[in-house]
Amino acid sequence: MDSAEINRLNWDERAPAHATSPDYHAASFAEDQSFLSYVVQFDLPRLGDIAGLRGVHLQCHIGTDTVSLARLGAHMTGLDFSPAALTEARRIAALAGAEVDFVQAEVDEAVSVLGPNRFDLVFTGVGALCWLPDIRRWARVVADLLRPGGRLFLREFHPMLWALDEEREGDLLVVDYPYFETSGPLVFDDDETYVETDSTFSHTTTHTWNHGLGEIIGGLLEAGMELTAFEEHRSAPCDVLPGHLVRDEYDEWHLRERPERVPLTYTLQARKPTR
Ligand SMILES: C[S@@+](CC[C@H](N)C(=O)[O-])C[C@H]1O[C@@H](n2cnc3c(N)ncnc32)[C@H](O)[C@@H]1O
């Protein structure tokens, strides 16, 4: 089995558990017509007015961020390779009364499936890039999907966070995993997921890759994009370093001790030039 197939089996199993986890707040979309995912709420000041934009959300998972962007007025398409995730995404969008197109495809196929130069906005994150082996290939997909003048909006876990081993004792943060992209995957076996759930999982192997900030930004520049905004954050939207983090009232998690030590996430924006 190749890495994509191993990962898809893992996501197909996790998606239904995520859709019923209190941490994804799926029911809130039906209960409150103005509810937005906490991930989108976090970035509202940076997103600006997206009403009327044609947007695509790459690796949209169960669609909670996609539906939130649709609620802000964008015409959204969500793309993911997991059929189970898209089943949940379509159900949540229907309950929310949001019109979103969901398309099953790999990120690498996005341009051939959706068409080139089509979108005003490519949105992606959180926990998306680590599933892709080649960040330069991803950057070319982003650039090809956008119309000239279109914008990439990315909030993602920081590569420095992925380099930390949280299972060491004490408050010291230990750098033990690669920061830079590796030719082969990092193979993990984990029977848990990042949200609260009673579900148990049998497809527990994952293949992931880290990508350094220079590789991500360099890949975008090589693909012809212009960097327009970049901000590192001291918080993450889930408990990515169990035992080290505390949660705030906005569902963001911060290092309990000396949060100034390391960024946990970042928001990056880039633009495809008009010429
Ligand atoms: C951590 S989730 C993204 C989380 C999302 N930001 C959220 O919380 O709603 C990662 C998603 O990437 C998808 N994925 C992983 N590799 C992919 C690939 N090569 N092509 C398309 N989707 C992929 C998985 O199916 C999963 O839904």
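Placed above this text is the structure.
Procedures and definitions
- Residues numbered from 1 in each chain as written.
- Predicted model: local features only at pLDDT ≥ 70, side-chain atom pairs only at ≥ 80, totals over all residues.
- Heavy atoms only, no water.
- Helix = DSSP H or I, 4+ residues; strand = E, 2+ residues; numbered from the N terminus.
- Buried < 20%, exposed > 50% of the residue type's maximum accessible area, 1.4 Å probe, protein only.
- Areas by Shrake-Rupley, 256 points an atom, 1.4 Å probe, with all protein chains shown as cover.
- Lys, Arg positive; Asp, Glu negative; His and termini not counted.
- Charge placed at Lys NZ, Arg CZ, Asp CG, Glu CD.
- Near = heavy atom within 4 Å.
- Polar contact = N/O pair within 3.5 Å; in protein donor to acceptor, adjacent residues only side chain to side chain.
- Nonpolar A, V, L, I, M, F, W, Y, C, P; charged D, E, K, R; others polar.
- Pairing = 2+ DSSP bridges.
- Axes fitted to C-alpha atoms, helices over the stretch in contact; angles between N-to-C directions.
- Patch = residues over 30% accessible without salt bridge, like charges linked within 9 Å, V, L, I, M, F, W, Y side chains within 5 Å.
- Salt bridge = Lys/Arg side-chain N within 4 Å of Asp/Glu carboxyl O.
- Contact = heavy atoms within 4.5 Å.
- Right-handed = clockwise from strand over helix to strand, strands pointing away.
- Phe/Tyr/Trp six-rings, centres within 6.5 Å; stacked < 30°, edge-to-face > 60°.
- Lys NZ or Arg CZ within 6 Å of the ring centre and 35° of its normal.

**Quick look at the overall build of the protein chain**
Within the protein chain, the regular secondary structure consists of 9 helices and 14 strands. Taken over the C-alpha atoms alone, the protein chain extends approximately 50 × 45 × 40 Å along its principal axes. Looking at the 275 residues of the protein chain, the share that counts as buried comes to 53%. For the protein chain, the accessible surface area stands at approximately 12,400 Å², while carbon and sulfur atoms represent 50% of it. For the protein chain, the separation between the mean place of its 23 positive charges and that of its 46 negative charges on side chains is 8 Å.

**Concerning the site of the ligand**
With respect to spatial proximity, 18 residues lie near the ligand, and among them Tyr24, His61, Asp80, Gly125 and Val126 are the closest. One of the side-chain N or O atoms of His61 is found 2.8 Å from an oxygen atom in the ligand. In this structure, Gly125 approaches the ligand through a main-chain N or O atom, which is 2.6 Å from a nitrogen atom. A total of 600 Å² of accessible area belongs to the ligand in isolation, and the protein chains cover 95% of it. Considering only residue class, the shell around the ligand consists of 10 nonpolar, 5 polar and 3 charged.

**A few points about the sheet that holds strand 10 (residues 226-233)**
Within a sheet, adjacent strands bond to each other through the backbone by hydrogen bonds, running parallel or antiparallel. Strand order in the open sheet formed by 7 strands is 3-2-1-4-5-14-10, with mixed pairing between adjacent strands. Since the sheet does not close on itself, it has two edges, and those belong to strand 3 (101-104) and strand 10, each with one partner. If you compare each strand with its neighbour and ignore which way they point, the axes differ by 15° on average. Relative to strand 14 (residues 265-271), strand 5 (residues 146-157) runs antiparallel, the two being bridged by 7 bridges.

**Concerning a nonpolar patch on the surface**
On the surface, a cluster of nonpolar side chains totalling about 260 Å² of accessible area is made up of Leu221, Leu227 and Phe230. Its place among the elements puts Leu221 in helix 9 (residues 213-222).

**Examining the environment of Ser3**
Turning to its location among the elements, Ser3 is positioned in helix 1 (residues 3-20). Distance from Ser3 to Asp239, taken between C-alpha atoms, is 25 Å for residues 236 residues apart in sequence. Once residues lying within four places of it in the same chain are set aside, the contact partners of Ser3 are Pro185, His207 and Trp209.

**Side note on helix 4 (residues 64-71)**
Counting buried positions along helix 4 gives 7 out of 8 residues, so the element sits mostly inside the fold. A positive backbone phi angle near 105° is found at Gly73, which sits one or two residues after helix 4.

**Points about the sheet that holds strand 11 (residues 235-236)**
The antiparallel open sheet is built from 3 strands, whose spatial order is 11-13-12. Edge strands, defined here as strands with exactly one partner in the open sheet, are strand 11 and strand 12 (245-247). Across 3 bridges, strand 12 lies against strand 13 (residues 253-255) in antiparallel orientation. Among the inter-strand pairings, Val246 is bridged to a residue of strand 13, identified as His254.

**Considering the pairing of strand 3**
Pairing geometry for strand 2 (residues 75-80) and strand 3, over 4 bridges, is parallel. Counted as the bridge partner of Leu79 is Val103 from strand 3. Crossover handedness for the path strand 2 to helix 5 (residues 83-96) to strand 3: right-handed.

**Concerning the packing of aromatic side chains**
What the rule picks out here adds up to 10 aromatic pairs. Judged by centre distance (5.6 Å) and plane angle (65°), the rings of Tyr177 and Phe188 are edge-to-face. In this pair, Tyr177 is assigned in the loop between strand 7 (174-175) and strand 8 (186-189) and Phe188 in strand 8, connecting sequence segments 11 residues apart. The exposure class of Phe188 is partly exposed, given its relative accessible area of 31%. Of note, Arg155 hangs over the ring of Phe42, and the distance from its end group to the ring centre comes to 3.7 Å.

These figures come from the coordinates and say nothing about function on their own.
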